[in-house]
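Per-entry structural report
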Amino acid sequence: MSALPHQPLDDTRQLAAALAAHGIGSDVHHDCGMPMVSVWVGLIVWCEQGMYWWRTGWNPHRQRAIYAWHSAAEPTRAARRVALRYAELRTSHPLSPLIDGAQPCP
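Let me begin by describing the structure that accompanies this report. (Residues numbered from 1 in each chain as written. Predicted model: local features only at pLDDT ≥ 70, side-chain atom pairs only at ≥ 80, totals over all residues. Heavy atoms only, no water.)

**Looking at the pattern of salt bridges**
Taken as a whole, this structure holds 3 salt bridges when the rule is applied. Across the salt bridge formed by Arg-77 and Glu-74, the nearest N and O atoms sit 3.3 Å from each other. On the accessibility criterion, Glu-74 (30% relative accessible area) is partly exposed. (Salt bridge = Lys/Arg side-chain N within 4 Å of Asp/Glu carboxyl O. Buried < 20%, exposed > 50% of the residue type's maximum accessible area, 1.4 Å probe, protein only.)

**Describing helix H2 (residues 75-92)**
With 18 residues, H2 extends 25 Å from end C-alpha to end C-alpha; this agrees with the ideal 26 Å at 1.5 Å per step. Among the residues of H2, those classed as buried are Pro-75, Ala-78, Ala-79, Val-82, Ala-83, Arg-85, Tyr-86 and Leu-89. Contact partners of the buried residues in H2: helix H1 (8-21), strand S2 (36-40), strand S3 (43-48), strand S4 (51-59) and strand S5 (64-71). (Helix = DSSP H or I, 4+ residues; strand = E, 2+ residues; numbered from the N terminus. Expected span 1.5 Å × (residues − 1). Contact = heavy atoms within 4.5 Å.)

See below:
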């Protein structure tokens, strides 16, 4: 019996839920033709064809971005990897004092 094909929007929602289990808030978007999870400044996870992928850095020699990828069949493991990148980016792009001290919307 073959597995059902992955549904990208469902996969992004599963990743967002797995990130929430790590205490990481995110937003799921699907208005550009490809579902994505917006996690932090410089950290967007795209989902297509049963795969998640996100930017992890820059290769100055080749003048292009470096990407990591993970199977959408494992959203919990993918979320763990995304959480590591999130932690890196939080140190280089912390919240501004204005946003950090803001009260949540009612």
